[in-house]
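# Breakdown of the fold
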Amino acid sequence: VKRVLTGIKPTGVPHLGNVLGAILPAVELAQRSDHESFLFIADLHSLTVRPDPEALRAQTRAVAASWLACGLDPERVVFYRQSDVPEIPKLSWILSCSMPLGLLNRAHSFKDALAKGATADEVNVGLYAYPVLMAADILAFDADLVPVGKDQKQHLEITQEAARRFNLRYGEVFKVPDAVVDADVMTIPGLDGRKMSKSYDNTLVVFDDEKTMWKRIKSVATDSTPYGEPLSTEDDVLFQLTCAIQPDRRPSLARQYTTGRKNPELSGPERDESANYFGWGDAKKALLQAAVERFAEARERYRHWTTHPDELEDCLRHGAEKARHFARAVLDRVEASLGLSWI
Ligand code: TYM
C-alpha cells in the first residue's frame, strides 16, 4: 500500500490550477485500494503572508469545502488541518537543525521575494524556513508519493535532501518520498497566460457563481481577428483552459477555431451565415460552459459544505485525531534516534 500525501495553502478559494493540479489527482489516487491518502490544509504555511484572521478562517473553510466538493471521502482518507497536528511543527524544528543554510538560500519562494526587492527586514523567517515545514509535513507521515504541481518540485527535492541528510547521520529514520507531477496538467495557465496564481490575480475559481466567472473570463485579452475568420489556438489561454477542463472537447473545439464556425459542417451562403460564426466571444462562452458542466456537482457540494461550517469542523477534528496517531509513531522513531527519548 502506497501512502499519498499532499496539502493546499488556505490563501483563497482554490482556483482551477489547484483543482486540476492537486485536488483532483490526489482524490483520484485516494480512490484506489492500493493507496492510503493524507490530504490536508496547510494553514501554518499561509501565516508567512500574515493573513487577516477572519480571512484565514474563511479561506481554511473554503479549502476544506473544495476538497470535499471534489470527491474526497473523509472516511477513507486522513483529512486534516495542519495546525491541529502539533507533531508537524515539532518535526520542523528537528529537521531545521540538519538543514543546510545553503539549501534554503536557493529556495524559490525566498529568492523570489528578494528578487522583488524585499529587504532582510521585510522577509520573515517563516518564509525562509517554508521548505523545512513542508518537509516535516511529508516526512511526519512516511509518505511515498506527493502529487503536486510543477511549482512545488523544488520543495520536494529539498524534502528528499533533508530526509537523506538526516538518515546519513542518524540511520534509516525517514522514508524518502517521490514527487508525482502529472505531465498533462503540470502548469495550468492563468487568464493572462502566465501560470495561474493568486499572486498574479489571473485565477479562475470554479466555485464562484457563474456571473463572477463570466466577468473573469470576459476580461481575457484576445487579438483582433475579424468575426468569422479562423482563430489561432496557439498560445491561446481560452483554448488551453477549456481543453484542460474537458479534454474530450479538444478536437471539436480545435475545428471551431480553425474554421471560425460554431458548426463547421453547416456551409452554404445563407443570408444568416454570421449566426454560425465562432469568434472570441464564443471561445469565452465555451470556457464558461466547460467549467460549469464539468464542475456542476462539485459546485453544489461546495455550497453545501460552506453553508454547514459545523459539519466541516467536526470532519477536520476527527481527521486530526487520526493524523496525530500516525505522526506520533514517526516522531517516536525520530526522538529515539536523536537521543531525545530513552526508548
Ligand atoms: P499551493 O497552496 O500554492 O498550491 C496547492 C497545489 O496546487 C498546485 N498548483 C498548480 N498546479 C497546476 N497549475 C497551477 N497553475 C497551479 N497552481 C498551484 C501546486 O503545485 C500545489 O500542488 N507549499 C504548498 C502546500 C504544501 C504542500 C505540503 C504540498 C504545504 N505542505 C506538503 C504537498 C506536500 C503550496 O503552497 O501549494
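Anyway, here's the lowdown on the structure attached to this text. (Residues numbered from 1 in each chain as written. Predicted model: local features only at pLDDT ≥ 70, side-chain atom pairs only at ≥ 80, totals over all residues. Heavy atoms only, no water.)

Let us now look at the packing of aromatic side chains. Within the structure shown, the criterion is met by 12 aromatic pairs. Judged by centre distance (5.4 Å) and plane angle (40°), the ring pair of Tyr80 and Phe141 falls under tilted. Here Tyr80 is found in strand β3 (residues 78-81), whereas its partner Phe141 is found in the loop between α8 (130-139) and β4 (145-147), with 61 residues between them in sequence. The exposure classification of Tyr80 matches that of Phe141, with both residues buried. Between Tyr227 and Tyr277, the aromatic rings sit 5.3 Å apart at their centres with planes inclined by 85°, giving edge-to-face as the arrangement. Taken as a pair, Tyr227 in the loop between α10 (210-218) and α11 (237-245) and Tyr277 in the loop between α12 (250-259) and α13 (280-294) lie far apart in primary sequence, 50 residues in all. (Phe/Tyr/Trp six-rings, centres within 6.5 Å; stacked < 30°, edge-to-face > 60°. Helix = DSSP H or I, 4+ residues; strand = E, 2+ residues; numbered from the N terminus. Buried < 20%, exposed > 50% of the residue type's maximum accessible area, 1.4 Å probe, protein only.)

Time to look at the site of the ligand. Taken together, 28 residues form the shell around the ligand, and within it Tyr130, Asp137, Gly149, Asp151 and Ile188 come nearest. Interatomic distance of 2.4 Å between a side-chain N/O atom of Asp151 and an oxygen atom of the ligand. The separation between a nitrogen atom of the ligand and a polar side-chain atom of Gln152 is 3.0 Å. Coverage of the ligand by the protein amounts to 96% of the 700 Å² it exposes when considered alone. When contributions to the shell around the ligand are tallied by element, the ones reaching two or more residues are β1 (2-8), α1 (16-30) and α8. (Near = heavy atom within 4 Å. Polar contact = N/O pair within 3.5 Å; in protein donor to acceptor, adjacent residues only side chain to side chain. Areas by Shrake-Rupley, 256 points an atom, 1.4 Å probe, with all protein chains shown as cover.)

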